[in-house]
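# Chains, contacts and geometry: an overview
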Amino acid sequence: MKTVLATLNAKYIHMSLALRYLKAYSEKEFDIELAEYTIKDPAMNVVTDLFRRAPDVVGFSCYIWNIEETIGIIRMLKKIRPDVRVVLGGPEVSYDTEYWMERLPEVDFIVMGEGEETLHHLLTELRDGTEKFHFVFGIAYRGRDGAVVLNPGRPKASLDDLPSPHYFADDVPQLPTRVVYFETSRGCPFSCQFCLSSIEVGVRYFDIERTKRDLLHLIRSGAKLIKFVDRTFNIKRDYALDIFQFLIDNHGGSCVFQFEITADIMRPEVIAFLSEHAPPGVFRFEIGVQSTNEETNEIIQRRQNFVKLSRTVTMIKESGKIDQHLDLIAGLPEENYESFRKTFNDVFALGPEELQLGFLKMLRGTGVRARAADYGYVYMDHAPYEILGNDVLPFADIVRIKQAEDVLEKYWNAHRTDASVRYLIDEAFPSAWDFFQGFGAYWESRGWERIGHQLEDLFSRLREFVAMEAAAALPVAEGLMKLDFFRQHKYRPRKLWWDMALSPDEHASWMRRLIERPEDAGEAFAALRLSERELHKQVMIDRVPFDLAAYLADGLVRVGPGTESLLIARFSAEAERRAEIYALPLSAAAVM
C-alpha cells in the first residue's frame, strides 16, 4: 500500500513541517512519499503528478491558505482515481469536521488534531483490511450507510515519542534555499479568542537535548533560515535562555533564527543577555501586538501590558542586534477606524523593522467566530474567512485600512525608502497612519494597483504624491529619496527617476574636483584612491538641499543657508554590497 502525503505551500521556499512529522512517525511500517506543491501551481499539474505516483492513499495537509485550491485537486483526482482513499488533516479541517465531510463527498477520512499516531493507526486498518475505523480515535469517516461518524478525540501524544522530522536525506540539498520550520513545544498558555492555539490547554516541550541535536544537524547541513513555530517561545524562561545560548555558540555564521515571542513577559535580564551576547543579525523576533485598545484586548481575552511590551521592544531595538517584526490585526471587536489608527501609531512609534498589518480571520473553532453575531460580524463564506465588516468597522473603513497596508508593505517593510518616509512622517504628516493611508488612497486613485512597477516607479510615485499633498517638504524629501534610491543598488543604476539637479557643466566640474581633491569628500572617500576612469565608472553625484554629512552622522535633517551638499554614491566594482555614500558640503568651496 503506497501513501502520498501532500500539501500546497504558500510559497515554494516553505517546507511543510507537518508532513515530515507524519512521515517520520510511520515510514518504518509504510511506504510513504512526500509531495509538496504551491497554491500557485495549476491544479492539472498537481493532479498529473499525483496520478503518476500511483498512490493507494493520498493525504492532504489543509490550512486556510490552501483549502479551496486543495478541494479542486481532490475532486479532479477522484474523477480519474475513484479508488484512491483521500485523507484530510490540518487545522482547517480539525474543526467543524462534519461540515467538511458533508461538503466533500470525495473525502474518505479526516484526521482531527495532532496526526502522527492517528494517521499511523488509520493506515494500519487500511493496510490490514480490518477497517475497524471506529477504533481509530481522532478521525471522521463514513459508515457503511454513508453517514458521517466522528470518533472521540485522541489523547495528546508524548512529544518524546515522536521521531524527529529533520533527518530526511532528500531535504538536505534544499536546506540552504528553503525556510525550515522548527518547534520546541506545542500548545499555548494564553486564550486569545481569535487564535486556534487558544483551544489547546497547556504547553508541552520536546526534550531539550533532542532539540539541540536537531538544530545542530540543520545548521551543519546548510540551513540558512530556521523559523521556530512555538506560539510563545519565551514562556519558559530557562528553556528559552538555554536555546539562545546554544544558538549563539553554534549558529555557524550564516544561519538566521526567527522566534515568536510575547514581549511584555520577557524579563529585562533576558534582554540584557541577548544585548550582550547575541551576534548581530542572527536572531529575529516576531511580536504580536494586535491592538492597544484595552476594551478590545479584554473582549478577546488577551492579557497584554503595553508599557512593558514597549519597554522590551525599545530595549531590543537599542541593542542593535535583533530585528523585530510586530503584528497588528484590524477588525477586532470594538476597535473602530479611529481606534485602529491609534493602535497603528502607538506601535509604529516603537520603530520596528517590520510592521505587519493583517485583517481578522474568523477561523473555525475560535471564540470570535462563535460570538460573531454579538459584534455584528460579516465575513467571507470560505477560507480565509476574512472579515467584511462589523458593528463599529464598516467595509468602507476596511478598504481605507487596506489602502494603508499596501503602501506599508511596499515602502516601509521592504526598506526601500527608509530615510525619505521617516522624514515625511516626522515633518509633513500628522502621523505615520496619515502618511500611509493618504498615500494608499492616492495610489488607488491613480489606478496604480492595477499595473506593475519597477523600483524607479516606486520613487517617482512617492514624489508625485508628496508634490500633491506635502509640497513644502518636497525638496528635502526628494533629496532623501535620491539617497534611498542609491542605497538600493549594488550596481550603478542605468535609469534614474528624477532630473539631475546639477547642470552638465556643474556635474563635469564637480567630477573634476573629486579627481583632483578627493579629500574634500572626506578621508574615507580619499582612501579609495579612484582613478579618473574608476570615478566615472563607479560614482554618481547630485545636489541635495541639506547637510548630508550631518545626516549620515546622526540622522537629523538640517536645512538653511550653506547646508546644500553634494551626494556622492560609489558602486563597488565587486558589487558585494550596496552603494557607499559620501558627502561634500557645497559651501566648502566654489565650483572650480
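Higher on the page you've got the structure.
Residues numbered from 1 in each chain as written. Predicted model: local features only at pLDDT ≥ 70, side-chain atom pairs only at ≥ 80, totals over all residues. Heavy atoms only, no water.

### Section: the overall build of the protein
Put simply, the test is: In this text, helices come from DSSP runs of H or I with a minimum length of four residues, and strands from runs of E with a minimum of two, each type numbered from the N-terminal end. Three exposure classes are used, based on accessible area relative to the maximum for each residue type with a 1.4 Å probe and protein chains only: buried under 20%, partly exposed in between, and exposed over 50%. Only heavy atoms enter the contact rule, under which two residues are in contact if any of them lie within 4.5 Å. Only the protein chains shown count as covering a residue, and every accessible area follows the Shrake-Rupley method with a 1.4 Å probe. Asp and Glu are treated as the negative residues and Lys and Arg as the positive ones, with His and the ends of the chain left uncounted. One atom stands in for each charge, and that atom is NZ of Lys, CZ of Arg, CG of Asp or CD of Glu.
Along its length, the protein carries 21 helices and 20 strands. Reported as C-alpha extents along the three principal axes, the dimensions of the protein are approximately 95 × 55 × 50 Å. Out of the 592 residues in the protein, the part that is buried amounts to 54%. Within the protein, residue pairs in contact and separated by at least 24 positions form 71% of the contacts whose partners lie at least 6 positions apart. Carbon and sulfur atoms form 50% of the exposed surface of the protein, whose accessible area is close to 26500 Å². Distance between charge centres in the protein, computed from 72 positive and 90 negative side chains, equals 3 Å.

### Concerning empty space enclosed by the protein
Applied cut-off: Cavity: a set of points on a 1 Å grid over the protein atoms alone where a 1.4 Å probe fits but cannot get out. Pocket: an open set with protein on both sides within 12 Å along at least five of seven lines, its lining residues, like those of a cavity, having an atom within 4 Å of a point. Grid points are joined across faces, edges and corners, and a volume is the space filled by probe spheres set on the points. Ten residue types, Ala, Val, Leu, Ile, Met, Phe, Trp, Tyr, Cys and Pro, are classed as nonpolar, four, Asp, Glu, Lys and Arg, as charged, and the remainder, Gly among them, as polar.
Going through the model one piece at a time under the given rule, you end up with 3 cavities of 30 Å³ or more. Of the pockets and cavities examined, the largest cavity occupies roughly 100 Å³. Elements with a contribution of two residues or more to the lining of the largest cavity: α1 (17-26) and β8 (179-182). Residues belonging to the lining of the largest cavity are distributed by class as follows: 7 nonpolar, 2 polar and 2 charged.

### A few points about a nonpolar patch on the surface
What counts is decided by this rule: Think of a patch as exposed residues, more than 30% relative accessible area, with no salt bridge, where like charges cluster within 9 Å and nonpolar side chains (Val, Leu, Ile, Met, Phe, Trp, Tyr) cluster within 5 Å. We define a salt bridge as a side-chain nitrogen of Lys or Arg found within 4 Å of a carboxyl oxygen belonging to Asp or Glu.
A surface patch of nonpolar side chains, about 330 Å² in accessible area, is lined by Val 378, Met 380, Leu 388 and Phe 395. Tracing the backbone shows Leu 388 in strand β17 (residues 387-389).

### Quick notes on unusual backbone geometry
Looking along the chain, the bond that leaves Ala 383 and enters Pro 384 is cis, with omega of 15 degrees. Residue position: Pro 384 is located in the loop between β16 (378-379) and β17. With phi around 55 degrees, Asp 96 is a residue other than glycine that occupies positive phi space. Following the sequence through the fold, Asp 96 ends up in the loop between β4 (85-89) and α4 (97-103).

### Side note on the packing of aromatic side chains
Just so we agree on the cut-off: Classification of ring pairs uses Phe, Tyr and Trp, with its six-membered ring standing for Trp, and accepts pairs whose centres are within 6.5 Å; under 30 degrees between planes counts as stacked, over 60 as edge-to-face, and the remaining range as tilted.
Applying the stated criterion across every chain, the model contains 46 aromatic pairs. Centroid distance Phe 439 to Phe 465: 4.8 Å. Interplanar angle 20 degrees. Geometry classified as stacked. Separated by 26 residues along the polypeptide, Phe 439 in helix α15 (residues 432-445) and Phe 465 in helix α16 (residues 455-469) bring together distant segments of the chain. As far as burial versus exposure is concerned, Phe 439 and Phe 465 are alike and both buried.

### Examining the state of the cysteines
How we decide: Whenever a pair of cysteine sulfur atoms sits within 2.5 Å, that pair is classed as a disulfide.
Taken as a whole, this structure holds 0 disulfides when the rule is applied. Free of any disulfide, Cys 192 has its nearest cysteine sulfur in Cys 188, 6.4 Å distant. On the accessibility criterion, Cys 192 (11% relative accessible area) is buried. Its sulfur unpaired, Cys 195 is 6.4 Å from the next cysteine sulfur, which belongs to Cys 188.

### Topic: the pairing of strand β15 (residues 354-359)
The side chains of a regular strand alternate between both faces of the sheet. Put simply, the rule is: A strand pair is defined by DSSP finding two or more bridges across the two strands. The definition of a right-handed crossover adopted here requires that, viewed with the strands pointing away, the path from the first strand over the helix to the second runs clockwise.
As judged from the 6 bridges shared by strand β14 (residues 323-330) and β15, these two strands associate in the parallel manner. Along β15, the bridge assignment pairs Asp 327 with Gln 356. In terms of handedness, the path from β14 via helix α11 (residues 337-348) over to β15 forms a crossover that is right-handed.

### So, the sheet that holds β8
Basically, it comes down to this: Axis geometry follows a simple rule: fit a line to the C-alpha atoms, using only the stretch in contact for helices, then measure angles between N-to-C directions, giving values from 0 to 180 degrees.
Reading across from one edge, β8-β11-β12-β13-β14-β15 is the order of the 6 strands in this open sheet, with parallel pairing throughout. Here the strands that pair on one side only, and so sit at the sheet edges, are β8 and β15. Averaged over all adjacent pairs, the angle separating strand axes in this sheet is 20 degrees, with direction ignored. The strands that helix α7 (residues 237-250) touches are β11 (225-228), β12 (256-261) and β13 (283-290); relative to β13, the one it contacts most, it runs at about 145 degrees.

### Focus on the pattern of salt bridges
Taken as a whole and assessed by the stated rule, the structure comprises 46 salt bridges. Asp 374 is paired through a salt bridge with Arg 371; the nearest N and O atoms lie 3.2 Å apart.

### Considering the side chain of Asp 264
Under the convention used in this document: Polar contact is the term for a pair of N or O atoms within 3.5 Å; when the atoms are in protein, one must be able to donate a hydrogen and the other to accept it, and sequence-neighboring residues count only if both atoms are side-chain atoms.
Examined against the element boundaries, Asp 264 turns out to sit in the loop between β12 and α8 (268-277). One buried charged residue, Asp 264, remains without a salt bridge, the closest side chain of opposite sign being Arg 302 at 6.9 Å. Within the local environment of Asp 264, its side chain forms a polar contact with the backbone nitrogen of Asn 305, the two atoms lying 2.9 Å apart.

### A few points about the sheet that holds strand β18 (residues 539-544)
On the basis of which strands lie adjacent, the open sheet formed by 3 strands has the order β18-β19-β20 and antiparallel pairing. With one partner strand each, in any of the chains shown, β18 and β20 (580-585) form the two edges of the open sheet. Taken pair by pair, the neighbouring strands of this sheet meet at an average axis angle of 25 degrees, ignoring direction. As paired elements, β18 and strand β19 (residues 565-570) share 6 bridges and run antiparallel to each other. Counterpart to Val 539 in the pairing with β19 is Arg 570. On the sheet, helix α17 (residues 474-487) packs against β18, β19 and β20 and is oriented at approximately 165 degrees with respect to β18. This element, helix α18 (residues 504-516), spans β18, β19 and β20 of the sheet and lies at about 120 degrees to β18.

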